[in-house]
Amino acid sequence: MTTIVLPPYDDVVARYEPVIGLETHVELGTNTKMFCGCPTDFGGEPNTRVCPVCLGLPGSLPVANRAAIEATIRIGLALNCSIASWCRFARKNYFYPDMPKNFQISQYDEPLCVDGWLDVEVDGEMVRIGIERVHLEEDTGKTLHIGGATGRIHGATESLVDYNRAGIPLVEIVTKPIPGTGAQAPEVARAYVTELRDVLRSLGVSDVRMEEGSLRCDVNTSLNLPGGPWGTRTETKNVNSLRSVERAVRSEMLRQAAVLDGGGTIVQETRHFHEDTGDTTSGRSKETATDYRYFPEPDLVPLAPDAAWVEELRAALPELPRVHRKRLQEQWGLSDLDMQSVLNADAVELIEQTVAAGATPAAARKWWLGELSRRANEQGIELAAVGATPEHVAELQRLVDEGKLNDKLARGVLEGVVAGEGTPSEIMTARGLEVVSDTGALTAAVDEAIAANPAIADKIRDGKVAAAGALVGAVMKATRGQADAKTVRELVLSRLGVEG
Ligand SMILES: [Zn+2]
């Protein structure tokens, strides 16, 4: 295996222009599947949420799910698309074991929503991302390859298929090609998926959990010489977090530049993103549309959404995330710059929920952008996956406000929360981290400190109150930081007969 030496990123963007494109699949949160009545909730025993329709048994006939069509139209409207007044489902023919019918019901040349846009903010600048289409299809089942080291089919001893997911309504949102982003291409890709996720969440159409696969992203990347024709694009699959969207674009830009620099050509193909290494490896060569032999689905009637219904849905759209964030920024009293750091940390919703759980905006922001962001960065994970919930953070702050924890002890409690040891109160008790408020014990510690430092005690008695800091420090050390510094200081002064 040859090792390719990757050129520096700055050098790549100085010589090449990237064009990116994103295809996002969203599992809708409907109660039932797209073409049958099977339930859709995540996590059931394998192959327990299936019926003749979603197993593709002979003679079974699909019926389209109205709630899924409505959700797709609402997504299209939120993304400023035109809604088709008449369109059809299409059969996409290919063989894969996780697709029992050997075709997928999708949409091809007649998508439900076309030609929209989504504005996203990158470093304070607005970038308008064109939306090519939003269409509706059904999800496939899940294949599990076991017995091998990698979880892939190579080296596996058995492959298992779970059809619970087969037939869950899936919306595919495809951007137009996005040129002109230069060195910011990775950030633009991430900002787009983040904004899209927030829009979908505000619509309430999906739980948009990338880690559970209800939001999945394929990233198209190509490079061209400045002013030249666009290059051949690759499609990177398996991009399962916002952070990975950014990494996948960057990594593919570097790889393609190395290939082009060496006089090679880019092959149009599907590539797999690897979370652990952050690079991509070659998958299958990309099929073209003709390989799928699309034709109008003969078992379903055409879709013809009534114009009045579409207008009704448009009028009922919720406040979109951009407007919502503006309102929060005012409520929280944040500058544009401070709000930007909240956005960059993907902490808007976490802070909002922490405030709803009883913390002040300032306290919520302090924990999420401080200690918790630091931990998320260290581990290379999303902030929301760090192990603390908004309720935990609000409770932690309440314990600080009640004087049961000081800042240092609170960080110790937070460590326990992140490690999954329980709620802040439980951890405070279990780890013995509560501030020592027992005056008897504290007085003994203060008397010990006075006895051990007679010269300092004399200075304080002589009126040099500032010297009390040294004794307070000694007591804090003796109590392993578990005393309240203010109380200790008052005790030191009163034991030495000095007014505070
Ligand atoms: Zn079914």
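What you see is a predicted model, and the numbers here were worked out from it, not measured in a lab.

A. Summary view of helix 8 (residues 348-356). Among the residues of helix 8, those classed as buried are Val 348, Leu 350, Ile 351 and Thr 354. Buried residues in helix 8 make contact with helix 6 (321-332), helix 7 (336-344), helix 9 (361-379) and helix 10 (390-401). Looking one or two places after helix 8, you find Gly 358, whose phi comes out positive at around 120 degrees.

B. Structural detail: the sheet that holds strand 3 (residues 90-93). What the three strands build is an open sheet, ordered 4-3-14; its pairing is antiparallel. Sheet topology places strand 4 (103-106) and strand 14 (295-296) at the edges, where each strand pairs with a single neighbour. As paired strands, strand 3 and strand 14 are joined by two bridges and run antiparallel to one another. Note that in strand 14 the partner of Arg 91 across the bridge is Phe 295.

C. Quick look at the coordination of the zinc ion. For the zinc ion, the full set of protein donor atoms is Cys 36 (SG), Cys 38 (SG), Cys 51 (SG) and Cys 54 (SG), and the range of their distances to it is 2.3 to 2.4 Å. Around the zinc ion, the four donor atoms are arranged such that angles at the metal cover 99 to 116 degrees; this shape is classified as tetrahedral. One chain supplies every donor to the zinc ion, and in sequence these donors are spaced C-x1-C-x12-C-x2-C. Linking Cys 36 in the loop between strand 1 (17-27) and helix 2 (66-78) with Cys 51 in the loop between strand 1 and helix 2, this pair joins segments that are 15 residues apart in sequence. Residue classification places Cys 36 among the buried residues on the basis of a relative accessible area of 13%.

D. Fine view of unusual backbone geometry. In the Ramachandran plot, Asp 115 falls in the positive-phi region, its phi being about 55 degrees despite a non-glycine side chain. Using a relative accessible area of 44% as the deciding quantity, one classes Asp 115 as partly exposed.

About the criteria used
Residues numbered from 1 in each chain as written. Predicted model: local features only at pLDDT ≥ 70, side-chain atom pairs only at ≥ 80, totals over all residues. Heavy atoms only, no water. Buried < 20%, exposed > 50% of the residue type's maximum accessible area, 1.4 Å probe, protein only. Helix = DSSP H or I, 4+ residues; strand = E, 2+ residues; numbered from the N terminus. Contact = heavy atoms within 4.5 Å. Pairing = 2+ DSSP bridges. Donors = N, O, S within 2.8 Å, 3.2 Å for Na, K, Ca; no water. Tetrahedral: all angles 85-135°; square planar, octahedral: opposite > 155°, others 65-115°.

Note that all results are geometric; they support no functional claim without further evidence.
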